[in-house]
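# Structural features, examined
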Amino acid sequence: MGKINILDKHVAELIAAGEVVERPSSVIKELVENSIDAGATAVTVEIKNGGVTFMRVSDNGSGILKEDIRPAFVRHATSKVKVEDDLDAIATLGFRGEALASVSSVSHLELITKAKEEDIGTRYQIEGGEETLFEDAGCPDGTTFIIRDLFYNVPARMKFLKTDMAEGNAVSNVMDKIALSHPEIAFTYIKDGKTVLRTAGDAKLLSAIYAVYGRDFAKSLIPVDYTLGGIHVSGFISRPENARPNRNMQNFFINRRFVICKTAMAAISEACKGVVMVGKFPSCVLNLDMSFNAVDVNVHPTKLEVRFVNERPVFDAVYHAVKTALMNGEKRIEAKLGSDPAKPVKRVNPFELAQRVFRERDEQPVPTPAQKPLPKVDLQQEKKKADALFEMLDEPEISVPPLGGTVRVSDSASPFADRYQRHLAEKRAAKEQADEQRREASAETDAEKPKANEAQTSPAGHEASEELQAATTPAETVPQPIEEPAPLIDLDENYWRFVGEAFKTYIIIEKNARELLLIDKHAAHERILYEKLKAEKGSGCSQLLLTPLTVTLNKLDYNAVIENLDVLAEAGFDIDDFGSGSVIVRSAPQYLPLEDIEPSVIEMAGYLAENKKDIRSAKMEWIYANVSCRAAIKGGNTSTEQELIALARQVENEDVRHCPHGRPVCISLKKRELERMFGRVE
Ligand code: ADP
Ligand code: MG
């Protein structure tokens, strides 16, 4: 006997339902899309318990004809597609004819509908795929679906549902996207008896954005309106300075259908290069309107992804649309600041600037001797200045020609050259006298000490003393050949000197005359803060904010934050639910600069939403790493010498090796290696 069974209708329905109906939010998406396809101008959605026990979608659309009701629940029954060619250019949101069949097979479904052209409406009930009621009903034009007890007959699916709150927020997320994609429809969304979203339906995208993301977000946007290659890109993008640390607030709609569009994401990033910081992403609500046959929407059961017949024009259109919008946005900011928009304030490259100055100078007519005003010199004044200058000069700072060992100040045309010479001679004599006294004193206290070490009076060591000698050599002296310096080794294990900072990033330390330490100040600080946060368990260092901060999130991220409030509290963030996608931050780790709190919360929310399965300790570690990275001093920023010294000392004392991301903190460059590089030793 063969092993293949042809599944009965009920089992086949349950399997097929799985593709379209995954959770309450997918049911709401399908039903609201049907309302939109039916030409509704007002849609009300209500859910209870995350939608699991109750969902209702009412619209004022076309309604369903009595005779169409039963067929509507048959799989692959649709009024939107007839022949194969129709699939090439789908203008409606639905076309698969699967939603009603799927939803009705896994729930208790009730439909009340009246088509405009009929006098009386119908009430229809279907439970687990079986019709239980079909009767006339007095009702207004339009359609209402009520879905109760989703997955009551599929326990396996029921098990995969998340908490009511998570499911409810997933529905809210779907409602946000739909409201943004159809500003011409007035949406009302009620969750557990509370209206959480209401859009005006005035066809203005900005008012839909206002309703979904709030006033602060809406007022910081730049309009986008651009057509290229038959693709019209319209909507809004956030100002570069409001870019966020992830892409969760980037919304794309293709022919009014919400989709995840990697091509558009890439185009935005490209257009924002140099304007938006690396690792930041502007928020946006962008509609791409294009010919229906340029895009294939039939590649994904829930239609979240689409395929373009040709990617390039889509990329180009979004790229140019965003670039143009940003440029116009810039102009507007300048106009607001009162500058002349015809002459945009441009950052000039110093080289260009120098060239311009030279050009302008060269173009100036050279004054004739007669025109040239004679400089008036106040000799008394000049003398005073020179005296002051000489007082300030200390011999080791006198610039020394690199070779030859002489100071050629006598060549100088300065009228004060002689005085300078006298000044040097005086200083030299005073110094020699002081050195002599010091030598005598040290000979008394330490008769054993080798002579070579005496020269090391300045921290810069031998080279500095060589400089000093060169500087103090009288100008007339015949240049002396440079002698190979005697090796100067400080054997003191505790010898430790802050040499300086390179590229505003690397601290340079000279250590016991045997090695140079190069410390990445950001990585070092990051690691130290990370350890501190961990030791204090975050909350120990939490600081109350003077003004609590509200942060707007997309509903999935918002949900993740709400579900992890205890984890965040342990990490030092006191956060509360502020309703409809916003959270309020009351305190944050004290190390975190005020301006970093919001981006940090957004990043944490994105991480928590994407890594739900991470164990608690992994989440804590991630948060500590994020906070310490944001709170640490940045490479490229100016730091005081004291700060750098303290940091370097800590790196050594605590033996810090790597930053929380695994990058090295400190690199040692041995003196031997340097000597080898310079060919001083083999
Ligand atoms: P699809 O939307 O892919 O056509 P569905 O299963 O979602 O498939 O719906 C089946 C049919 O039921 C639709 O083609 C449409 O004719 C009708 N229908 C569903 N919902 C509505 C509604 N709210 N108003 C009017 N007609 C509807
Ligand atoms: Mg549909």
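In this text, all values refer to a predicted model and were calculated from it rather than measured experimentally. (Residues numbered from 1 in each chain as written. Chains lettered and ligands numbered in written order. Predicted model: local features only at pLDDT ≥ 70, side-chain atom pairs only at ≥ 80, totals over all residues. Heavy atoms only, no water.)

### Here we look at the overall build of the chain
Operational definition: Where helices and strands are cited, they refer to DSSP runs of H or I of at least four residues and of E of at least two residues respectively, numbered from the N terminus. Per-residue accessibility, obtained with a 1.4 Å probe over protein chains only, is compared with the maximum for each type, and a residue is labelled buried under 20%, exposed over 50%, and partly exposed between these values. Contacts are assigned to residue pairs with any non-hydrogen atoms lying within 4.5 Å of each other. Note that accessible areas follow from Shrake-Rupley with a 1.4 Å probe, and for residues the cover is restricted to the protein chains shown.
Along the backbone of the chain there are 21 helices and 22 strands. Scored against the burial criterion, the 682 residues of the chain give a buried share of 42%. The contacts of the chain with a sequence gap of at least 6 include a subset with a gap of at least 24, amounting to 68%. Accessible surface for the chain amounts to roughly 37,900 Å². Of this, 55% is attributable to carbon and sulfur atoms.

### A word on helix α15 (residues 521–536)
Inclusion rule: By definition here, a helix of n residues has an expected span of 1.5 Å times n minus one. Here a polar contact is recorded for every N or O atom pair within 3.5 Å, except that within protein the pair must consist of a potential hydrogen donor and a potential acceptor, and residues adjacent in sequence are included only if both atoms are side-chain atoms.
Here α15 is 16 residues long and its end C-alpha atoms lie 22 Å apart, about the 22 Å a rise of 1.5 Å per residue gives. All buried positions along α15 are accounted for by Lys521, His522, Ala523, Ala524, His525, Glu526, Ile528, Leu529, Tyr530 and Leu533. Against the buried residues of α15 lie β16 (496–502), β17 (506–511), β18 (515–520), β21 (582–589), α19 (616–631) and α20 (641–653). Between a side-chain oxygen at the N-terminus of α15 and the backbone nitrogen of His522 the separation is 3.1 Å; the capping residue is Asp520. At the exit of α15 stands Lys537, carrying a positive phi of roughly 55°.

### Points about the sheet that holds strand β11 (residues 250–254)
For clarity, the threshold we go by: Each pair of strands is called paired provided DSSP finds at least two bridges between the two strands. Convention adopted: a line fitted to C-alpha atoms gives each axis, helices being fitted over their contacting stretch, and angles between N-to-C directions are expressed from 0 to 180 degrees.
Pairing within the open sheet is mixed, and its five strands lie in the order β9-β10-β13-β11-β12. Edge positions in the sheet fall to β9 (221–228) and β12 (257–259), since each has one partner strand and no second. Here the strands of the sheet are splayed against their neighbours by 20° on average, with no regard to which way each runs. In this fold helix α7 (residues 205–213) packs onto β9, β10 (231–238), β11 and β13 (284–289), with an angle of close to 40° to the strand it touches most, β10.

### Regarding the pattern of salt bridges
Where charged atoms from two side chains of opposite charge come close, those side chains can pair. Cut-off, in case you're wondering: Throughout this description, the term salt bridge denotes a Lys or Arg side-chain nitrogen within 4 Å of a carboxyl oxygen of Asp or Glu.
By the definition in use, this model includes 28 salt bridges. Ionic pairing is found between Arg23 and Glu167, a salt bridge with its closest N-O pair at 2.8 Å. Of the two residues, Arg23 is situated in the loop between α1 (9–20) and α2 (24–37) and Glu167 in helix α6 (residues 164–181); the sequence distance between them amounts to 144 residues. When salt bridges with common partners are traced through the structure, they connect Glu110, Arg123, Glu135 and Arg148 into a single cluster.

### Describing the packing of α15 against α20
Our working definition: By definition, any crossing whose near helix is turned counterclockwise from its far helix by less than a right angle is left-handed, and any crossing with a clockwise turn is right-handed. Here the nonpolar group is Ala, Val, Leu, Ile, Met, Phe, Trp, Tyr, Cys and Pro; Asp, Glu, Lys and Arg are the charged ones; every other residue, Gly included, is treated as polar.
It is at 10 Å that the axes of α15 and α20 come closest, and there the two elements cross at 60°. Once α15 is placed against α20, the crossing between them reads as left-handed. Facing α15, whose interface residues are Lys521, Ala524, His525 and Ile528, α20 presents Leu644, Leu647, Gln650 and Val651. Across the contact of α15 with α20, the residue classes break down as five nonpolar, two polar and one charged.

### Considerations on the side chain of Thr143
Position of Thr143 among the secondary structure elements: in strand β6 (residues 142–148). Engagement of the side chain of Thr143 in a polar contact is seen with the side chain of Thr113, the distance being 3.1 Å. With residues near it in sequence (within four places) discarded, Thr143 still touches Val57, Ser58, Asp59, Gly63, Ile64, Leu111, Ile112 and Thr113.

### A short note on the nonpolar core
Stated formally: The definition of a nonpolar core used throughout is a set of buried Ala, Val, Leu, Ile, Met, Phe, Trp, Tyr and Cys residues joined through side-chain atoms within 4.5 Å. An automatic or database domain assignment is the source of the domain bounds shown.
Grouped together as the largest cluster of nonpolar side chains are 53 residues, with contacts concentrated most on Ile28, Val32, Val45, Phe73, Met175, Phe187 and Ile209. Per-element tally for this core: the top contributor is α6, with six residues. Taken together, domain 1 (9–198) and domain 2 (205–327) each give at least three residues to this core, which thus spans both. Excluding its chain neighbours within four sequence positions, the residues that come into contact with Val45 are Ile28, Val32, Arg56, Val57, Met175, Thr188, Tyr189 and Ile190. Counting 36 residues, the second-largest nonpolar core is a separate cluster that includes Ala560, Ala571, Ile602 and Met604.

### A word on the pairing of strand β8 (residues 194–198)
Sheet analysis places strand β7 (residues 186–191) next to β8, joined by four bridges and oriented antiparallel. From the neighbouring strand, Tyr189 faces β8, where its bridge partner is Leu197. Counted along the chain from β7 to the antiparallel partner β8, the turn is two residues long, and its residue Asp192 has a positive phi close to 45°.

### Focus: the packing of helix α16 (residues 555–563) against helix α18 (residues 594–610)
Spelled out, the test is: Orientation categories follow fixed angle ranges, with anything under 35 degrees roughly parallel, anything over 145 roughly antiparallel, 65 to 115 roughly perpendicular, and all other angles oblique.
Relative to each other, α16 and α18 sit at 85°, their axes nearing to 8 Å. Here α16 lies roughly perpendicular to α18, going by the angle between them. Contacts between α16 and α18 involve Leu556, Asp557, Ala560 and Val561 from the former and Ala605, Gly606, Leu608 and Ala609 from the latter. Of the residues contributing to the contact of α16 with α18, the split by class is six nonpolar, one polar and one charged.

### A look at the packing of aromatic side chains
Rules: Ring pairs shown here join Phe, Tyr and Trp side chains whose ring centres sit within 6.5 Å, with only the six-membered ring taken for Trp; geometry is labelled stacked below 30 degrees between planes, edge-to-face above 60, and tilted in between. Counted as over-ring charges are cases with an Arg CZ or a Lys NZ within 6 Å of the ring centre that also lie within 35 degrees of the ring normal.
Scanning all chains against the criterion turns up seven aromatic pairs. Taking 6.3 Å as the distance between ring centres and 10° as the angle between the ring planes, the aromatic pair formed by Phe315 and Tyr319 counts as stacked. Pair noted here: Phe315 and Tyr319 are both in helix α10 (residues 311–336), with a separation of four residues, about one helical turn. Among the aromatic residues, those joined into a cluster by ring pairs are Phe73, Tyr124 and Phe134. We note Lys48 situated over the ring of Phe54; from NZ or CZ to the ring centre the distance is 4.6 Å. Here the basic side chain of Arg649 rests over the ring of Trp496, its NZ or CZ set 3.7 Å away from the ring centre.

### Considering unusual backbone geometry
The backbone phi angle of Asn49 is positive, close to 50°, even though this residue is not glycine. Locating Asn49 in the fold gives a position in the loop between β1 (42–48) and β2 (54–59). Taking the relative accessible area as the measure of exposure, Asn49 reaches 34% and is therefore partly exposed.

### Remarks on the confidence of the model for the chain
Counted only if it meets this: Confidence of the predictor at the level of single residues is given by pLDDT, which spans 0 to 100.
Mean pLDDT over the chain stands at 78; residues scoring 70 or higher make up 72%. Predicted confidence is poor over residues 386–421, with pLDDT under 50, and the contacts of this stretch with residues over four places away or in other chains come to 47 contacts. Contacts of residues 446–490 to residues separated by more than four positions or lying in other chains number 44 contacts, the stretch itself having pLDDT below 50.

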